Amino acid sequence: MSKPTTGDFTKTPGWMDWYTGPSKPRFQVPAGAVDAHCHVFGPGAEFPYAPERKYTPCDASKAQLYALRDHLGFARNVVVQATCHGADNRAMVDALVSSGGKARGVATVKRSVSDAELQAMHDAGVRGVRFNFVKRLVDFTPKEELMEIAGRIAKFGWHVVIYFEAVDLPELWDFFTALPTTVVVDHMGRPDVSKPVDGPEFELFVKFMREHPNVWSKVTCPERLSVTGPKAMAGPMSGEQSAYTDVIPFAKRIVDEFPDRVLWGTDWPHPNLKDHMPDDGLLVDFIPHIATTAEMQKKLLVDNPMRLYWPEEV
Ligand SMILES: O=C(O)c1cc(C(=O)O)oc(=O)c1
């Protein structure tokens, strides 16, 4: 793959660029598999990063994303608006429009968005909005504004994607459980995997899903959540086909209990990683550790994302 650029922007110090030499996964994903969580960044020269952003990434273009899709054996993508673009969805929408119907998207919108703008995004393939509660990524938006947005996007048949840290779930519980749409949790609500998988923190997350059949989870980002690894990267420190073993019990528990409400994605180009950049081919090899039968793999990678993002084809 071609090397990432940065245009006129200066990357955040210590920024880790995505890995240009991903291996071919040993695990062959089922036909029609969807990478249901990934991003595009810029390119900044064409789609400038938002003034209110908390980080400046390297560029990660739609062409590079779609080359990775083909390399890994996926058929489709769900492109999630990255916080470095704020509520300016042009780069994400441009990626959808150029995908030939193979990508759908999740936007970030403000309360001031018009119905005509929502309709235009719908026509381009947007099917959800993202509410972000991770403080290092976004400024605070009042909950009544978000609830108003949720009510408006519900009319388009869209869902709400939420991103939060596990310690914040108790405080956010009432808001999340009042949302009128399907609710999709990013990265399993970021559990602290150094705590027990059956301890109070993760039990609360399981209860959240168990008691609310409209709640789905992405069983994504072992490379973010892992504490002890080993890491899915090329070279001598590699975990190769058994990376991120400390995350497996958490993700597997969610897939086992809620096989019809889980999604998987690469999270390419992996914003804000601090200590390593994964080989996306090896990340795909993580999947059979958490979805252990062909039936579960098909639900995770094909049936569930198709039902949520391409229901007209199911
Ligand atoms: O943990 C993160 O830093 C992160 C950031 C973003 C974003 O900036 O949109 O998206 C993600 O899925 C994860």
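Residues numbered from 1 in each chain as written. Predicted model: local features only at pLDDT ≥ 70, side-chain atom pairs only at ≥ 80, totals over all residues. Heavy atoms only, no water.

- For the protein chain, the name recorded in an unreviewed UniProt entry is 2-pyrone-4,6-dicarboxylate lactonase, with Leptothrix cholodnii as its organism.
- Its UniProt record gives the protein chain a comment under Catalytic activity (unreviewed entry), which states: "2-oxo-2H-pyran-4,6-dicarboxylate + H2O = (1E)-4-oxobut-1-ene-1,2,4-tricarboxylate + H(+)".
- If you open the UniProt record of the protein chain and go to Sequence similarities (unreviewed entry), you find "Belongs to the metallo-dependent hydrolases superfamily. PDC hydrolase family." (UniProt positions renumbered as here; feature names shortened; annotations may be inferred.)

### Here we look at the overall build of the protein chain
Turning to step 1, where the next piece is worked out: Along the backbone of the protein chain there are eleven helices and eight strands.
Turning to step 2, where the next piece is worked out: Principal-axis analysis of the C-alpha atoms gives the protein chain an extent of 50 × 45 × 40 Å.
Turning to step 3, where the next piece is worked out: Counting over 314 residues, the protein chain shows a buried share of 57%.
Turning to step 4, where the next piece is worked out: The contacts in the protein chain between residues at least 6 apart in sequence include a share of 76% that link residues at least 24 apart. (Helix = DSSP H or I, 4+ residues; strand = E, 2+ residues; numbered from the N terminus. Buried < 20%, exposed > 50% of the residue type's maximum accessible area, 1.4 Å probe, protein only. Contact = heavy atoms within 4.5 Å.)

### Topic: the environment of Ser194
Turning to step 1, where the next piece is worked out: Mapped onto the secondary structure, Ser194 falls in the loop between strand 6 (183-185) and helix 6 (200-211).
Turning to step 2, where the next piece is worked out: Separated by 101 residues in the primary sequence, Ser194 and Val93 have C-alpha atoms spaced 38 Å apart.
Turning to step 3, where the next piece is worked out: Within polar-contact distance, the side chain of Ser194 engages the side chain of Asp192 at 2.5 Å. (Polar contact = N/O pair within 3.5 Å; in protein donor to acceptor, adjacent residues only side chain to side chain.)

### What about the sheet that holds strand 1 (residues 34-38)?
Turning to step 1, where the next piece is worked out: As summarised here, the arrangement of the eight strands in space is 1-2-3-4-5-6-7-8, forming an open sheet in which the pairing is parallel. A strand with exactly one partner marks an edge of an open sheet, and here the two such strands are strand 1 and strand 8 (262-263).
Turning to step 2, where the next piece is worked out: In this structure, strand 2 (residues 76-80) lies alongside strand 3 (residues 103-107), joined through four bridges in parallel fashion. Bridge pairing in strand 3 links Asn77 to Ala103. (Pairing = 2+ DSSP bridges.)

### Concerning helix 11 (residues 294-309)
Turning to step 1, where the next piece is worked out: The terminal C-alpha atoms of helix 11, which comprises 16 residues, lie 22 Å apart, in line with the 22 Å expected from a rise of 1.5 Å per residue.
Turning to step 2, where the next piece is worked out: In helix 11, a bend of some 40 degrees at Leu300 exceeds every other bend along the element.
Turning to step 3, where the next piece is worked out: Residues of helix 11 that are buried: Met296, Gln297, Lys299, Leu300, Leu301, Val302, Asn304, Pro305, Met306, Leu308 and Tyr309. (Expected span 1.5 Å × (residues − 1). Bend = angle between axes of the 7 residues up to and from the residue.)

### Focus: the pairing of strand 2
The side chains of a regular strand alternate, first on one face of the sheet and then on the other.
Turning to step 1, where the next piece is worked out: Burial of strand 2 is extensive: five of the five residues sit out of reach of the surface.
Turning to step 2, where the next piece is worked out: Going residue by residue along strand 2, you find Arg76, Val78 and Val80 tucked away on one face and Asn77 and Val79 tucked away on the opposite face as well.
Turning to step 3, where the next piece is worked out: In this fold, strand 1 hands off to helix 1 (residues 62-72), which returns the chain to strand 2; that crossover is right-handed. (Right-handed = clockwise from strand over helix to strand, strands pointing away.)

### Considerations on unusual backbone geometry
Turning to step 1, where the next piece is worked out: Residues Gly42 and Pro43 are joined by a peptide bond in cis, for which omega reads 0 degrees.
Turning to step 2, where the next piece is worked out: Considering the arrangement of structural elements, one finds Pro43 in the loop between strand 1 and helix 1.
Turning to step 3, where the next piece is worked out: Cis geometry marks the peptide bond from Trp268 to Pro269; its omega dihedral reads 0 degrees.
Turning to step 4, where the next piece is worked out: The topology assignment puts Pro269 in the loop between strand 8 and helix 9 (280-284).
Turning to step 5, where the next piece is worked out: In this structure, Met188 is a non-glycine residue whose phi angle is positive, near 55 degrees.
Turning to step 6, where the next piece is worked out: Relative to the assigned elements, Met188 resides in the loop between strand 6 and helix 6.
Turning to step 7, where the next piece is worked out: Although it is not a glycine, Arg190 adopts a positive phi angle of roughly 45 degrees.

### Overview of the site of the ligand
Turning to step 1, where the next piece is worked out: In the neighbourhood of the ligand, 16 residues make up the surrounding shell, with Tyr55, Thr83, Arg130, Arg136 and Tyr163 lying closest.
Turning to step 2, where the next piece is worked out: A distance of 2.5 Å separates an oxygen atom of the ligand from a polar atom in the side chain of Thr83.
Turning to step 3, where the next piece is worked out: Note that an oxygen atom of the ligand is positioned 3.3 Å from one of the side-chain N or O atoms of Arg224.
Turning to step 4, where the next piece is worked out: When isolated, the ligand has an accessible area of 320 Å², and the protein chains bury 100% of it. (Near = heavy atom within 4 Å. Areas by Shrake-Rupley, 256 points an atom, 1.4 Å probe, with all protein chains shown as cover.)

### Points about the packing of helix 4 (residues 143-154) against helix 5 (residues 169-178)
Turning to step 1, where the next piece is worked out: Packing of helix 4 against helix 5 brings their axes to within 10 Å, and their N-to-C directions diverge by 20 degrees. With respect to helix 5, the element helix 4 is oriented roughly parallel. Every pair of crossing elements has a handedness; the one defined by helix 4 and helix 5 is right-handed. In contact with Lys143, Leu146 and Met147 of helix 4, helix 5 contributes Glu171, Leu172, Phe175 and Ala178. (Axes fitted to C-alpha atoms, helices over the stretch in contact; angles between N-to-C directions. Parallel < 35°, antiparallel > 145°, perpendicular 65-115°, else oblique. Left-handed = near helix turned anticlockwise from the far one by under 90°.)

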